[in-house]
Amino acid sequence: MATTNGPARLTVTGIGALDETTVAFERGVTVLTAGDAADRTSLVRSLATALGSDEHSLDRDADIGDSRVELVVGGDRYTRTFAGEDDRLVASGDPFLDDSTGADRFAFLLGSNEARRAVADERDLRKLVMHSVDTDAVYEELADRRAERAELDDRIGALAALESERRELRDRRDELDAAIERLEAELADRQATLAGIESAAVGADTDAEVAPGPDANGSDTEARQDRRRELTAALDDIEFELEAERESLDALDAEIDDIESKLDSYTDDPTAELDDLTDELAGSRARKRQLDADITDVQRTLQFNEQFLTSETSPVAAASEGESDDESDGESDDGDRVVCWTCGTSVPEASIESTLDQLRTLRDDRREERAELAGRIERLQERRSELEGLRERRRDLETRREERRRERADRRARVEDLEARRDDIESDIADLKRDAESTETGDRAALLDAHREVNRVEFELERRREERDAVVDELEALEAELDRRADLEARQDEIDDRIDELRDRIERLERATVSGFNDRIADVLDALEHDRLARVWVERRSDGDARGDGRPTSRFVLHIERRTDDGKIYEDVIDHLTESERELVGLVFALAGHSVHEVYDDVPFLVFDSLGAIDADHTRTLIDYARTAADYLVVALPDTDAPTLSESYRRVRVSD
């Protein structure tokens, strides 16, 4: 515990009826007394304000004037001044604490204290129990991991749609392998046929050269024949090449037309629609998470109220029994009425049921909207996968079209060159034909046909191999993408493990903190030795999975066990306690928070006010227990109650 040496001094100027009041606090217990409760309250509120509280802004009773408070503690001076805001005096200046949240909740135990009121009103105590436990970073990471998990689900779903495309590519590759094998066999046959024809032609030429010619000008004839054979062979080669090139051009034209036909069958570039789908998906998921949170909140409210309505200790049941007696006397004329456990007013029981029906209708409407959103999200994901596949196929076709166009331009240039060379050779052959006719026309035709067939098969084989290479490249790229699925699924498992780890960490923190609270509450009750309050403890209840924002739905509920005159123990609710017991339980809970959250390290004061509802014996026992919890313990009591406390405590009477 942080300690502060020496006395402290509070000076209050122009607050309520306190024109100029100075109070000195010695270490230990200081009892503030005054006949006027307003003066005591003004003083303790001024003390809380000087320490840093903005929760206890003072009532504005008159003109502000020079309204200020000054606290000297540990040799340091802290001053705050006030400005009017509506009917309140709001403080500014240099207080003892930069952040007074913990002190407001667990050190400034005035009548409006948040911890006391939360107990009296049966609120969820989670915020108070977990006050100093830093779980925000854990919650933020939990929300991030859940969002990442949802994104991975979408990506894996998109990859699943590619499985059918992979099967199609594998089937096409196998078809091309079979076609290539067939064409390779056919090419071998054609090449063998061509080799036979060429061998026969060479043999015939050799026989003609060996036989003596009758012509005296035989040498010239032989020279022309050699020249003609040379030109004819060159012409054949060119014809073969021209024929092959033209067939290649026809095939390329057909392929380009086919590609363009496929491109025309596709819609425009789907990128814009994909972007819109992604935005719409994100919005739909965010709305669904909000609906999940709304449904959980409404369902929790319904469950609590429905259980409370049917409970034997419910004020509805009790009121109904009492009203039945009244009705038997003929005095009831406006239906069953009950005391509402939320607002404390008397209302018709039917109005409570009507409110619950409205909540059920709201819950059902949210569930219906959530179901519609889930279906829409699924349809949007399917459409996005379809558009992504369409975009990839379109890009592949455009790439192939450009490659074929470039190849067509190259082959057309080759055809033009071959045609020019052919024209030159044909002119030379025409000159030679005037001198002699050849009997090789049939052989040349056969040779030309053989060359043509070889060339045709070679071209077809080359085209099939190129197509297979393109299919294999596309398949490898697709399989590389699909191989990432294992990595994504492994990441899913990692995220699931991390989510479980984060939730376990939160649960461990909550359980440890609740256990600490219950230990401190038990210590205070043991010291009080209350004959009716047997046990008070906090229960951590989990309502299931986390909300849409990643935060858990656990609630912290206060339980109270009472003891009868004959020593029997039973559980009761806060509304059934006397006012003295309710206020005492609230202070017990606040003192437990003061200890568990170590508020004494932040502020050296512990302030008590509004103790009038608690009987004198328990007030004395409570102050005796708390006197060592802070350097300065300040208790505000009326003159009539102050004598019940130990005479060793210093008394200070408040006066203006």
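Going by what an unreviewed UniProt entry lists, the protein chain is known as Chromosome segregation protein SMC and is assigned to Haloferax sulfurifontis. For the protein chain, the Sequence similarities (unreviewed entry) comment in UniProt is given as "Belongs to the Sph1/Sph2 family."

1. Some points on the packing of aromatic side chains
Applying the stated rule across the entire model yields four aromatic pairs. Ring geometry for Phe-25 and Phe-605: centres 5.7 Å apart, planes at 85°, overall edge-to-face. Note that Phe-25 is positioned in strand S2 (residues 18–25) and Phe-605 in strand S14 (residues 605–608), a separation of 580 residues in sequence. Take Phe-25 and Phe-605: they sit in the same class, and that class is buried. Ring centres 4.7 Å apart and planes at 20° place the aromatic pair Phe-605 and Tyr-632 in the stacked group. Here Phe-605, found in strand S14, pairs with Tyr-632, found in strand S15 (residues 632–637); they are 27 residues apart in sequence, far enough to count as distant. Ring pairing ties together the aromatic residues Phe-25, Phe-605 and Tyr-632, which thus form one cluster. The ring centre of Trp-537 lies 3.8 Å from the NZ or CZ of Arg-535, which sits over that ring.

2. Observations regarding the packing of helix H5 (residues 136–160) against helix H10 (residues 349–433)
Put simply, H5 and H10 touch, their axes get as near as 9 Å, and they point 50° apart. One finds that H5 runs oblique with respect to H10. At the point where H5 passes H10, the crossing takes the right-handed sense. Between H5 and H10, the residues in contact are Asp-154, Gly-157 and Ala-158 and Gln-381, Arg-384, Ser-385 and Glu-388, respectively. Among the residues making up the contact of H5 with H10, the classes are represented as one nonpolar, three polar and three charged.

3. Quick notes on the confidence of the model for the protein chain
Mean pLDDT over the protein chain stands at 83; residues scoring 70 or higher make up 84%. Put simply, helix H9 (residues 315–328) is where the protein chain has its lowest mean pLDDT, 50, and S14 is where it has its highest, 97. Note on residues 210–218: pLDDT is under 50 here. Beyond four places in sequence and across chains, it has one contact. Note that residues 323–333 has pLDDT below 50 and, in this model, seven contacts with residues that lie over four places away or in other chains.

4. A closer look at the sheet that holds S15
An order of S8-S14-S15-S3-S16 is seen for the five strands of this open sheet, with the pairing classed as parallel. Of all the strands in the sheet, just strand S8 (108–109) and strand S16 (650–653) have a single pairing partner and so form its edges. Running over the sheet, helix H12 (residues 579–596) touches S8 and S14 and is turned about 175° from S14. Set on the sheet, helix H13 (residues 616–626) makes contact with strand S3 (28–33), S14 and S15; between it and S14 the angle comes to about 175°.

5. Remarks on the sheet that holds strand S11 (residues 533–541)
As summarised here, the arrangement of the three strands in space is S11-S12-S13, forming an open sheet in which the pairing is antiparallel. If you trace the sheet from one side to the other, it starts and ends with S11 and strand S13 (569–572), each paired once. Sheet twist, expressed as the mean angle between neighbouring strand axes with direction ignored, is 30°. Strands S11 and strand S12 (555–563) of the sheet are contacted by H12, whose axis makes an angle of about 55° with S11.

6. Looking at the pattern of salt bridges
Counted according to the given criterion, the structure contains 71 salt bridges. Between Arg-408 and Asp-253 there is a salt bridge whose closest N-O contact spans 2.9 Å. In this pair, Arg-408 is assigned in helix H10 and Asp-253 in helix H7 (residues 218–265), connecting sequence segments 155 residues apart. A salt bridge links Glu-260 to Arg-405, with the shortest nitrogen-to-oxygen separation between them at 2.6 Å. Taken together, the residues span a long stretch of sequence, with Glu-260 in helix H7 and Arg-405 in helix H10 at a distance of 145 residues. Judged by relative accessible area, Arg-405 falls into the partly exposed class, the value being 30%.

7. Description of the environment of Val-73
Relative to the helices and strands, Val-73 is located in strand S5 (residues 68–73). On the basis of relative accessibility, which here comes to 3%, the residue Val-73 falls in the buried class.

8. Brief notes about unusual backbone geometry
Positive phi, close to 50°, is recorded for Glu-529, a residue that is not glycine. By relative accessible area, Glu-529 is classed as exposed at 66%. Residue Ser-610 is not a glycine yet carries a positive backbone phi of 55°. Note on placement: Ser-610 falls in the loop between S14 and H13. By relative accessible area, Ser-610 is classed as partly exposed at 36%.

9. Section: the nonpolar core
Across soluble globular proteins, nonpolar side chains show a tendency to be buried alongside one another. Counting 84 residues, the largest nonpolar core has Phe-25, Phe-589, Phe-605, Leu-606 and Phe-608 as its most contacted members. When residues in this core are grouped by element, the largest group, eight residues, is from H12. Apart from the residues lying within four places of it in its own chain, the contact partners of Phe-25 are Pro-7, Ala-8, Leu-10, Thr-30, Leu-32, Leu-47, Phe-605, Tyr-632, Val-634 and Arg-650. If you look at the next biggest cluster of nonpolar residues, it comprises 18 residues, including Leu-142, Leu-162, Leu-478 and Leu-502.

10. With respect to the pairing of S12
As a general feature of sheets, a regular strand has side chains that alternate between the two faces. For S12, the buried fraction is high: eight of the nine residues fall into the buried class. Pairing geometry for S11 and S12, over eight bridges, is antiparallel. Bridging from a neighbouring strand, Arg-541 pairs with Arg-555 of S12. Looking at chain direction, S12 and S13 are connected through four bridges and run antiparallel. Opposite Ile-560, over in S13, you have Asp-572 as the bridge partner. Once S12 ends, the chain turns through five residues before running back antiparallel as S13, passing Gly-567 with a positive phi of about 90°.

Rules and cut-offs
Residues numbered from 1 in each chain as written. Predicted model: local features only at pLDDT ≥ 70, side-chain atom pairs only at ≥ 80, totals over all residues. Heavy atoms only, no water. UniProt positions renumbered as here; feature names shortened; annotations may be inferred. Phe/Tyr/Trp six-rings, centres within 6.5 Å; stacked < 30°, edge-to-face > 60°. Helix = DSSP H or I, 4+ residues; strand = E, 2+ residues; numbered from the N terminus. Buried < 20%, exposed > 50% of the residue type's maximum accessible area, 1.4 Å probe, protein only. Lys NZ or Arg CZ within 6 Å of the ring centre and 35° of its normal. Axes fitted to C-alpha atoms, helices over the stretch in contact; angles between N-to-C directions. Parallel < 35°, antiparallel > 145°, perpendicular 65-115°, else oblique. Left-handed = near helix turned anticlockwise from the far one by under 90°. Contact = heavy atoms within 4.5 Å. Nonpolar A, V, L, I, M, F, W, Y, C, P; charged D, E, K, R; others polar. pLDDT = per-residue confidence, 0-100. Pairing = 2+ DSSP bridges. Salt bridge = Lys/Arg side-chain N within 4 Å of Asp/Glu carboxyl O. Core = buried A, V, L, I, M, F, W, Y, C linked by side-chain atoms within 4.5 Å.

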